[in-house]
There are 2 protein chains.
Amino acid sequence: MTTATRPADAYPGSYGTSEGGAVGRVTLQTIADRVGVSRMTVSNAFSRPDQLSAELRATILQAADELGYVGPDPAARSLARGTTGAVGVLLTESVGSAFQDPIAAAFFGSVAQELAPTGLALALLPSVESPDRIPARDIPMDGALVYSCAGDMAPINWLIKRKLPLVFVDQAPIAGASSVLLDDRVGARAAAQHLLDLGHRRIGILTTANDRSTGIAPDPATAGAGYVSRERVEGWMSALGPAGADVTVVHLPDNTEANAEDGARILLDLDDRPTAVLCFSDLIAWTFERVARAQGVRVPEDVSVVGYDDSPIARRAQPALTTVRQDLEAKGRAAATALTRAIARSRGDASVGEGPDAVWVPTTLVVRDSTGPAPA
Amino acid sequence: MTTATRPADAYPGSYGTSEGGAVGRVTLQTIADRVGVSRMTVSNAFSRPDQLSAELRATILQAADELGYVGPDPAARSLARGTTGAVGVLLTESVGSAFQDPIAAAFFGSVAQELAPTGLALALLPSVESPDRIPARDIPMDGALVYSCAGDMAPINWLIKRKLPLVFVDQAPIAGASSVLLDDRVGARAAAQHLLDLGHRRIGILTTANDRSTGIAPDPATAGAGYVSRERVEGWMSALGPAGADVTVVHLPDNTEANAEDGARILLDLDDRPTAVLCFSDLIAWTFERVARAQGVRVPEDVSVVGYDDSPIARRAQPALTTVRQDLEAKGRAAATALTRAIARSRGDASVGEGPDAVWVPTTLVVRDSTGPAPA
DNA sequence: CGGGGTTACTGTAGCGGTACAGAAACCCGA
DNA sequence: TCGGGTTTCTGTACCGCTACAGTAACCCCG
């Protein structure tokens, strides 16, 4: 990486006394003095145009422009108004990893998109706490989204203590807070039923858990540490259990290719290799396909694979993945709406109703080419 | 989508008078009165622990806890201190689309990751302006990243007028502001040279531009509207031009699969079909591979393809893509560092030097299976 | 026992706005 | 001409916190 340094020349951002000779900072008062009106009138010129005549407003705005005044100071305005114009998003432990996941990234995009018309900015809150700076506690915001975090994270408690309007997404909600959840049990159940209908009875599951290492879980019921994982496992098992299927659950420490490879091998190396595999994500399913192909195991002739999420990978995979589709746009929209409603509610806006919202986003099975009849 | 409503029961976030009977809001003064010290001492208990005795601090903290006081109000603190603890990121026109792009998403993740230890939150600034709320003007922040935006976007001007410390990423920098740029010309040139070395002389280029529709560009030199696209085209041409290669440039309105398909077809349908294609992104290259395969054109036997970015797609593609790798981690790290330095500089911290930073992140050619010798 | 240096706490003066309740001028119909 | 309603502008009182410059007590040492 090359680093060069140039003198700060024409950049308007260079600090110090700028042209005009005015030393102190320009505030409403500066402009008020210049124009010969009260500070309040200048404030109104910027924030409540209907409170003064158009001409005076024009005069004020021009004076402001000449003085290089941009607009009311956001921090001061936040204090006086009690609103900041930003909402937070609390992410998983590692901020970066949340963006590795295309599903999470797409969700944030959708939320930001939905929030844009309201003028709210989305502040990503790192959950690492340096001793004296704790974003969840110290960043000014009007509300926050809690996205797929371990339920006991300290930052969540800061948000709660601040009494911020909160929306929990893909995560066990707190009593009284709004929530947006995927209808994961239904989707997972449909996927499992699809396999049963194709005649599969020996089924593998590749899902994430908080375990340190990749390996076979002793008991499907306890499976999954994350809320989402648990929901999906329960959905799958709700179909597989009653059907008396022979289920092997493999836990992965996280949703990455490397771990998925290990997990795939474990299943493929079993003496009684499953004839079908249900995966926590498309990435895992795609990896399974790849490992299987490398071992000469054909998909779907020898083994069927089902993904989850219907991410872009699913269509690109070869063969294209049968998966459970979630509507990320809808999820983002729901989260944004729930949050703005929660904020409105906290301000006493009666039109948004009393209690918190609880939204379930539907999931649907998408059958493609990675599943087929169980081998005889 | 199902929406249910429950009564707000145990949620600590429910507003109104909480236990204790205290009506007004709890502030530093409330605690000061309770403990019998000055408000300043309470402030110090939270913000400057070294300014009072440990015992008194404990007493104060306990009283605060009993009163349900979380900590100094962020908005008030921002005003008094002059810092907010958040930095903005200005995104492309559509906030959502920035997240569709895995490269952009990974970059944000990396930036957030790097910023985390400093306790700075990353605020995503939508560029849409509702009449009275303009995030770039109204959100409290200490500095901002401008990421791959059209240079004349109004929000950029707000940021500049606010005299915020700025860092321009993947974008033509402004004199005096810091910048982080990819060494695109070098990378693109290497890719083009690689094709020349393989004997290719009839070469297609698929890149993005602001044109409305997909089509052949009349003149390679004017090609590309975005800064990044322009840099890459110049890099490619710097090798192809002198070699006297026969170059056809196709412009896509954006970096999406749908448009890439159209562009790929245009090149594949040419009478004199290129023997190699340079693409603006891996997504485009991958799409080209797919369209070629569908038409029975073999990669790399009949046509070679080079991508850009070395995104996850590149490795997953079949055949795996030859591409130009950019180090997103480094880019994120550089952007975060440049920004914190710019902020420090604006505060008069002499240890970070005088002028703005200008960082170039290196690019390297990664040869995989999508390129081969030119067909005879 | 006096003087210099800490340590522990306090008072004042903002930070830069906005809400709200006037007040003055203006308008209009009866 | 008078009363009530608008429109337009102003004054005051905060919003909740922190910087900074004290002040007072304490400590240590020659």
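Overview of the structure. (Residues numbered from 1 in each chain as written. Chains lettered and ligands numbered in written order. Predicted model: local features only at pLDDT ≥ 70, side-chain atom pairs only at ≥ 80, totals over all residues. Heavy atoms only, no water.)

## With respect to the protein's contact with DNA strand C
Then, number 1: In the vicinity of DNA strand C there are 28 residues, among which Arg25, Ser43 and Tyr69 of chain A together with Thr41 and Ser53 of chain B approach most closely.
Then, number 2: Close to the protein, within 4 Å, the atoms of DNA strand C are drawn from sugar and phosphate at a rate of 66%.
Then, number 3: Between a phosphate oxygen of DNA strand C and a side-chain N or O atom of Arg48 of chain A, the distance comes to 3.2 Å.
Then, number 4: The side chain of Arg77 of chain A places a nitrogen or oxygen atom 3.1 Å from a phosphate oxygen of DNA strand C.
Then, number 5: Every element with two or more residues in the surface near DNA strand C is listed here: α2 (39-47) and α4 (74-81) of chain A together with α2 (39-47) and α4 (74-81) of chain B.
Then, number 6: Within the surface near DNA strand C, the residues separate by chemical class into twelve nonpolar, nine polar and seven charged. (Near = heavy atom within 4 Å. Polar contact = N/O pair within 3.5 Å; in protein donor to acceptor, adjacent residues only side chain to side chain. Helix = DSSP H or I, 4+ residues; strand = E, 2+ residues; numbered from the N terminus. Nonpolar A, V, L, I, M, F, W, Y, C, P; charged D, E, K, R; others polar.)

## As for the sheet that holds strand β8 (residues 215-216) of chain A
Residues and elements named next belong to chain A.
Then, number 1: Strand order in the open sheet formed by five strands is β8-β9-β7-β10-β11, and the pairing between neighbours is mixed. Every interior strand has two partners, whereas the edge strands, β8 and β11 (304-306), have only one.
Then, number 2: Judged from the two bridges that link them, β8 and strand β9 (residues 246-252) form a sheet pairing that is antiparallel. When the sheet's bridge partners are listed, Gly215 is paired in β9 with His251.
Then, number 3: Its contacts with the sheet place helix α10 (residues 227-240) against β7 (202-208), β9 and β10 (276-279), and it is angled at close to 170° to β7.
Then, number 4: Across the sheet, helix α12 (residues 282-294) is in contact with β7, β9, β10 and β11; its angle to β11 comes to roughly 160°. (Pairing = 2+ DSSP bridges. Contact = heavy atoms within 4.5 Å. Axes fitted to C-alpha atoms, helices over the stretch in contact; angles between N-to-C directions.)

## As for the interface of chain B and chain A
Then, number 1: On the chain A side, the residues contacting the 87 residues of chain B number 87 residues.
Then, number 2: Interface area for chain B against chain A, summed over the two sides, is near 7200 Å², with a carbon-plus-sulfur share of 60%.
Then, number 3: Taken together, chain B and chain A are joined by two salt bridges.
Then, number 4: When the shortest N-O distance is used, the salt bridge between Glu257 of chain B and Arg316 of chain A registers 3.3 Å.
Then, number 5: Across the contact surface, chain B and chain A share six residue pairs in polar contact (both at pLDDT 80 or more). (Buried area = accessible area lost by both parts, 1.4 Å probe. Salt bridge = Lys/Arg side-chain N within 4 Å of Asp/Glu carboxyl O.)

## Remarks on the relation of the copies chain B and chain A
Then, number 1: Rotating chain B by 180° about the axis while translating it 0.0 Å along that axis superimposes it on chain A, leaving an RMSD of 0.1 Å. A rotation of that kind, with that shift, is consistent with a two-fold axis. Identified as the residue of chain B closest to the rotation axis by C-alpha distance is Ala123 of chain B, at 1.9 Å.
Then, number 2: The residues that chain B uses at the interface reappear at the interface of chain A in 100% of cases, marking a shared surface. (Least-squares fit on C-alpha atoms with pLDDT ≥ 70 in both.)

## Regarding the packing of helix α9 (residues 184-197) of chain A against α10 of chain A
Residues and elements named next belong to chain A.
Then, number 1: Interaxial distance between α9 and α10 falls to 7 Å at its minimum, and their mutual angle equals 40°. Compared by their axis directions, α9 and α10 come out oblique. For the element pair α9 and α10, the recorded crossing hand is right-handed. Within the contact between the two elements, α9 uses Asp184, Arg185, Ala188, Arg189, Ala191, Ala192, Gln193 and Leu196 and α10 uses Val228, Glu231, Arg232, Glu234, Gly235, Trp236, Ser238, Ala239 and Leu240.
Then, number 2: Its residues assigned to classes, the contact of α9 with α10 shows eight nonpolar, three polar and six charged. (Parallel < 35°, antiparallel > 145°, perpendicular 65-115°, else oblique. Left-handed = near helix turned anticlockwise from the far one by under 90°.)

## Here we look at the packing of aromatic side chains
Then, number 1: Scanning the model with the defined rule gives 13 aromatic pairs over all chains in all.
Then, number 2: Each ring, one from Trp236 of chain A and one from Tyr308 of chain A, has its centre 6.5 Å from the other, and the planes form 75°; the classification is edge-to-face. Highlighted residues: Trp236 of chain A in helix α10 and Tyr308 of chain A in the loop between β11 and α13 (312-316), separated in sequence by 72 residues.
Then, number 3: Joined through ring pairs, the aromatic side chains of Phe99, Phe107, Phe108 and Tyr147 of chain A together with Phe99, Phe107, Phe108 and Tyr147 of chain B make up one cluster.
Then, number 4: For Lys161 of chain A, the ring lying beneath its charged end belongs to Trp158 of chain A, and the centroid distance is 4.6 Å.
Then, number 5: For Arg316 of chain A, the ring lying beneath its charged end belongs to Trp286 of chain B, and the centroid distance is 4.8 Å. (Phe/Tyr/Trp six-rings, centres within 6.5 Å; stacked < 30°, edge-to-face > 60°. Lys NZ or Arg CZ within 6 Å of the ring centre and 35° of its normal.)

## Observations regarding the protein's contact with DNA strand D
Then, number 1: Every one of the 25 residues lining DNA strand D counts as a neighbour, but Thr41 of chain A together with Leu28, Arg39, Ser43 and Tyr69 of chain B are closest to it.
Then, number 2: Put simply, 67% of the atoms of DNA strand D that lie within 4 Å of the protein are in sugar or phosphate.
Then, number 3: Between DNA strand D and Thr41 of chain A there is a distance of 2.5 Å, counted from a phosphate oxygen to a side-chain nitrogen or oxygen.
Then, number 4: Interatomic distance of 2.3 Å between a side-chain N/O atom of Ser43 of chain B and a phosphate oxygen of DNA strand D.
Then, number 5: If you list the elements that add at least two residues to the surface near DNA strand D, you get α2 and α4 of chain A together with α2 and α4 of chain B.
Then, number 6: Class assignment of the residues belonging to the surface near DNA strand D gives a composition of twelve nonpolar, seven polar and six charged.

## Some remarks on the pattern of salt bridges
Then, number 1: Tallying each qualifying case throughout the model produces 38 salt bridges over all chains.
Then, number 2: One salt bridge connects Arg325 of chain B with Asp310 of chain B, and the closest N-O pair in it is separated by 3.7 Å. Residue Arg325 of chain B is found in strand β12 (residues 323-326), and its partner Asp310 of chain B is found in the loop between β11 (304-306) and α13 (312-316); the two are separated by 15 residues along the sequence.
Then, number 3: On the accessibility criterion, Arg325 of chain B (36% relative accessible area) is partly exposed.
Then, number 4: Asp357 of chain B is the partner of Arg341 of chain B in a salt bridge, and the nearest nitrogen-oxygen pair spans 2.7 Å. With Arg341 of chain B in helix α14 (residues 328-346) and Asp357 of chain B in strand β13 (residues 357-361), this residue pair connects regions lying 16 residues apart in the sequence.
Then, number 5: Assessed through its relative accessible area of 28%, Arg341 of chain B is described here as partly exposed.
Then, number 6: A network of salt bridges, in which partner residues are shared, links Glu257, Glu261, Asp262, Arg265 and Arg290 of chain A together with Arg316 of chain B. (Buried < 20%, exposed > 50% of the residue type's maximum accessible area, 1.4 Å probe, protein only.)

## As for the nonpolar core
Then, number 1: Counting residues in hydrophobic clusters, the biggest one holds 70 residues, and the most contacted among them are Phe99, Phe108 and Val180 of chain A together with Phe99, Phe108 and Val180 of chain B.
Then, number 2: What Phe108 of chain B contacts, discounting residues up to four positions off in sequence, is Phe99 of chain A together with Val89, Leu91, Ala98, Phe99, Leu122 and Tyr147 of chain B. (Core = buried A, V, L, I, M, F, W, Y, C linked by side-chain atoms within 4.5 Å.)

## A look at the sheet that holds strand β7 (residues 202-208) of chain B
Residues and elements named next belong to chain B.
Then, number 1: Read from one edge to the other, the open sheet built from five strands follows the order β8-β9-β7-β10-β11, with strand pairing classed as mixed. The sheet is open, and its two borders are formed by β8 (215-216) and β11, each paired with just one other strand.
Then, number 2: Contacts from helix α10 (residues 227-240) reach β7, β9 (246-252) and β10 (276-279), with the element oriented near 170° to β7.

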